[in-house]
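Read off the chains here:
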Number of protein chains: 2
Amino acid sequence: MLTKLDPALIRDLPPFSGMTLDQMTTLLAKATPLRADKGSHIFDMGAEARSFFLLLDGYIRVVRTTPNGEQVIARYIASGELFGIAEALGMKQYPASAVAAVDCVALSWPSDIWHATAAAYPAFATNTYKTIGGRLQDAQDRLVEMATERVEQRVASAILNLVERSGRQTDDGILIDFPISRQDISEMTGTTLHTVSRLMSGWENDGLVKSGRQKITVIGSEALSLIANKEGSSQ
Amino acid sequence: MLTKLDPALIRDLPPFSGMTLDQMTTLLAKATPLRADKGSHIFDMGAEARSFFLLLDGYIRVVRTTPNGEQVIARYIASGELFGIAEALGMKQYPASAVAAVDCVALSWPSDIWHATAAAYPAFATNTYKTIGGRLQDAQDRLVEMATERVEQRVASAILNLVERSGRQTDDGILIDFPISRQDISEMTGTTLHTVSRLMSGWENDGLVKSGRQKITVIGSEALSLIANKEGSSQ
DNA sequence: ATCCTGGTTTGATGCAGCGCAAACGCGGGA
DNA sequence: TCCCGCGTTTGCGCTGCATCAAACCAGGAT
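Residues numbered from 1 in each chain as written. Chains lettered and ligands numbered in written order. Predicted model: local features only at pLDDT ≥ 70, side-chain atom pairs only at ≥ 80, totals over all residues. Heavy atoms only, no water.

Between chain B and chain A, the contact holds 31 residues from the first and 31 residues from the second. Both faces considered, chain B and chain A share a buried interface measuring about 3,200 Å² in area, 66% of it formed by carbon and sulfur atoms. One can count 2 salt bridges joining chain B with chain A. Between Arg-64 of chain A and Asp-141 of chain B there is a salt bridge, with its nearest N and O atoms 2.3 Å apart. Inspection of the region where chain B meets chain A yields 2 residue pairs in polar contact (both at pLDDT 80 or more). Elements represented by at least two residues in the side of chain B that touches chain A include exactly β5 (71-78) and α4 (122-148) of chain B. No other element matches α4 of chain B, which puts 17 residues into the side of chain B that touches chain A. Class assignment of the residues belonging to the side of chain B that touches chain A gives a composition of 14 nonpolar, 10 polar and 7 charged. (Contact = heavy atoms within 4.5 Å. Buried area = accessible area lost by both parts, 1.4 Å probe. Salt bridge = Lys/Arg side-chain N within 4 Å of Asp/Glu carboxyl O. Polar contact = N/O pair within 3.5 Å; in protein donor to acceptor, adjacent residues only side chain to side chain. Helix = DSSP H or I, 4+ residues; strand = E, 2+ residues; numbered from the N terminus. Nonpolar A, V, L, I, M, F, W, Y, C, P; charged D, E, K, R; others polar.)

Encoded structure:
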């Protein structure tokens, strides 16, 4: 598993694009490998941001918890992505929790080498900031979506998003390749698991998806995408 | 007005903290002053991000427009803040439009000097990334709020936010010191101007706010804050 | 003084989606 | 094999808010 630590094997990951093999080798030498069992918390919201991470294998759920104990899923991290990069934005604490959605393998670096690292490897810094840019954009897209679209469309586009980013082709259709519940989807879209369940039952009847316990396979992504983009009733 | 260009006068703005007067002088030498009349667009969503900006005076509304023509207000920029810093995140286009909420004065720099500038003045880069971090955090906070809180609470906290960031003490109470309509508030909170109007009429009756045409004065900020944080019906 | 325009208020009505409740089914552990 | 627990499904009543519609009001232009 940790043979992945061979720089040649991960040199193609987006966070490292533009770096030389030598640079990567020195950077990787500073990393600590990390194994996280399904369900375990890699870090918790509000904790001091001691490390930043690169996910090598698995999926991570980034979650915010409200004062009232409700949860909102900010995003999923797929393998090859950086996460926990609070330090790059001058934050002292993690703004959200990272929970392993499946068994995961990651690398971690101490936060305090961030500045020196960024200075030494500008390409790495640039890549990181691009990642952050993408996430900011994404957050604002979702904000707009929450403000203007109704539940059905939000759920449809959440599923499409997951499929795009983490879909695996099977003979049935495209499978979201980590366990995901109705509850999870409701926490991504700001609704209740009941509503998600109802919607998906409907789609299952229409043959758009096929789903089981924590398992979703999309068959008619075009049709789903129609739903995601269809006008609400008026304006 | 543009006497403000004197570095000594703006050296205390957060984006420049940690820089020497000399550094600021060279940086300011590369800036172009800019005047934007109320209502004018400084840049539009989707346009090529040729410049980044520092607002010296006024207020800017950062707006996203949906495919259906609806608008969502992403945030307000107050004087002393940077905006349009897409280049720092490797974005080619502005992700939102910037509209002058009042007559504004700003400085602009060409985007392509960003990287050299960030390299030459690390403090400036750090400050900028902190700003971005704050905005990412803010976007995600609002996302959580949209997902979990009901309209009344969202409107209350939006108003409190505006008051905190742009409030001016008057004999009546704290005034939001730029023109802001019910419609604007609805576009910040994902509701309709009707609902905002109803809510605010109620608060006006209760003596929590006093408001006129595009003018809002908050009297009972503690009470408002209670509303903003009160539990929804259940859980 | 009068009109016009853009913002605001208020009423009436309908429905999407939530809260609550109960039952179901699959998969894993004993 | 049976049981238990967690995820899921489904029904029902209720309500928060959107939608539609109309009137109102203040300030600037003529």
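We are not done yet, so read on.
As a structural note, the neighbourhood of DNA strand D is formed by 18 residues, with Arg-182, Ser-197 and Arg-198 of chain A together with Thr-191 and Thr-195 of chain B the closest of them. The sugar-phosphate backbone supplies 60% of the atoms of DNA strand D found within 4 Å of the protein. Interatomic distance of 3.1 Å between a backbone N/O atom of Gln-214 of chain A and a phosphate oxygen of DNA strand D. Backbone polar atom of Val-151 of chain B to a phosphate oxygen of DNA strand D: 3.0 Å apart, as the coordinates give it. Among the elements of the structure, α7 (193-205) of chain A together with α7 (193-205) of chain B are those that each provide at least two residues to the surface near DNA strand D. When residues of the surface near DNA strand D are assigned to their parent elements, the largest contribution, 5 residues, is made by α7 of chain A. (Near = heavy atom within 4 Å.)

Another aspect to go through is the protein's contact with DNA strand C. Inspection of the region around DNA strand C gives 18 residues, with Val-151, Thr-191 and Thr-195 of chain A together with Arg-182 and Ser-197 of chain B positioned closest. Per the 4 Å cut-off to the protein, sugar and phosphate atoms form 64% of the nearby atoms of DNA strand C. Here a base nitrogen of DNA strand C sits 3.3 Å away from a polar atom, N or O, in the side chain of His-194 of chain A. Within the side chain of Thr-195 of chain A, one N or O atom sits 2.4 Å away from a phosphate oxygen of DNA strand C. For the surface near DNA strand C, the leading source of residues is α7 of chain B, giving 5 residues. Taken together, the residues of the surface near DNA strand C sort by class into 2 nonpolar, 10 polar and 6 charged.

Don't take any of this as a statement about function, it's just geometry.
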